[in-house]
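Analysis of the macromolecular model
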Amino acid sequence: MSIGSDLAEARRAAGLTVGQLSARTRVREALIHAIERDDFSQCGGDFYARGHIRNISKVVGLDPETMVHKYDESHGGVPLPVRAASVFQADTPIKIRESRSPNWTTAMAVALAIVVVFGVVKMMGGGDTPTADVRPASVPAVPPPAASPTGPAGTPNPSRRAAAPATGKRGDLVVFQVKAKRSSWLDVTETGGRKLFSGMLEAGKTSVWKAKKGVKVTFGDGGAFLLQVNGKNLGTPGPSGQVLNRSYGASAPQPG
């Protein structure tokens, strides 16, 4: 089977229409139709085609890396990496000027002239060389020791008592548990927009999520799951074969 056929079959198995898949992946419906026909000319290049295939595969329950690898095999293989040396190689070589060695002859002549001048001044001036007045440096006073955090005999200092930590309420925490009676597609989002899970939940598998205020859930098959919210059994969310949207919080569940 081709890449487009695999994606189309997985979408139908997940109980999703092209419109629903477009809303979840932010990929245009016309582009999804083209990809399911193995027409990748509208993707804008291999880089974007790989991104669309990876995004759609996650939602319909396929392995994204396997599908991208299959695309690379049918479109000339994975692109070769670009060497950094070929990108940053300079077109014109840079010439570095060599440092010249110092002129020792000039330096010796200057030093000799300084010695001669110093000798002449010494002979003409004479007398004793004045000495500098040396005074002992003052020693800074030692600061008093810091106050101990404890009082006499190891008793705590009242001025340094730590404030007791404040406690908060956790009554708004929602524990959402799902068990799959048969394999089906599921999407779980925390109230506020953070995605917790999106994909196929295999038959017999149980998953648990925790949210601060609640969760919004889309079921690909309402009769394929058994639910618990904060330890309370809710049974199945709806009839078998129907795509359902539900919200669950600390109180009773609400339709999506």
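Being a predicted model, the structure only gives us computed values, none of them experimental.

Structurally, Glu36 is set in helix H3 (residues 29-36). Classification of Glu36 as buried rests on a relative accessible area of 16%. Within polar-contact distance, the side chain of Glu36 engages the side chain of Arg11 at 2.7 Å. When residues no more than four places from it in sequence are discounted, the contact partners of Glu36 are Gly4, Ser5, Leu7, Ala8 and Arg11.

What follows is about the nonpolar core. Ile3, Leu21, Ile35, Phe40, Ile53 and Ile56 are the most contacted members of the largest nonpolar core, which totals 22 residues. Breaking this core down by element, the ones donating at least two residues are helix H1 (3-13), helix H2 (18-25), H3, helix H4 (46-60) and helix H5 (64-74). When residues of this core are assigned to their parent elements, the largest contribution, 5 residues, is made by H4. Discounting residues that sit within four places of it in the chain, Phe40 has contacts with Ile3, Ile35, Ala49, Ile53, Tyr71 and His75.

This part is about the pattern of salt bridges. The full count for this structure, using the stated rule, is 7 salt bridges. The salt bridge involving Asp187 is made with Lys195; its shortest N-O contact spans 2.8 Å. For Lys195, a relative accessible area of 48% gives the class partly exposed. With a shortest N-O distance of 2.8 Å, Arg194 and Glu190 are connected by a salt bridge.

Pairs of aromatic rings are described using the distance from one ring centre to the other and the angle between the two planes. As enumerated under the stated definition, the model contains 3 aromatic pairs in all. Judged by centre distance (5.1 Å) and plane angle (75°), the rings of Phe40 and Tyr71 are edge-to-face. Placement of the pair is Phe40 in the loop between H3 and H4 and Tyr71 in helix H5, with a sequence separation of 31 residues. Taken individually, Phe40 and Tyr71 each receive the classification buried, so the pair is uniform in this respect. Where Phe197 meets Trp209, the ring centres are 5.6 Å apart and the plane angle is 40°; that geometry is what we call tilted. Here the residue Phe197 occupies a position in strand E3 (residues 195-201), and Trp209 occupies one in strand E4 (residues 206-211), the gap between them amounting to 12 residues.

Quick look at the side chain of Glu190 now. Here Glu190 lies in strand E2 (residues 184-190). A polar contact of 3.2 Å, which involves the side chain of Glu190, links it to the backbone nitrogen of Lys212.

The rules behind each value
Residues numbered from 1 in each chain as written. Predicted model: local features only at pLDDT ≥ 70, side-chain atom pairs only at ≥ 80, totals over all residues. Heavy atoms only, no water. Helix = DSSP H or I, 4+ residues; strand = E, 2+ residues; numbered from the N terminus. Buried < 20%, exposed > 50% of the residue type's maximum accessible area, 1.4 Å probe, protein only. Polar contact = N/O pair within 3.5 Å; in protein donor to acceptor, adjacent residues only side chain to side chain. Contact = heavy atoms within 4.5 Å. Core = buried A, V, L, I, M, F, W, Y, C linked by side-chain atoms within 4.5 Å. Salt bridge = Lys/Arg side-chain N within 4 Å of Asp/Glu carboxyl O. Phe/Tyr/Trp six-rings, centres within 6.5 Å; stacked < 30°, edge-to-face > 60°.

Everything listed is a geometric property; what it means functionally is a separate question.
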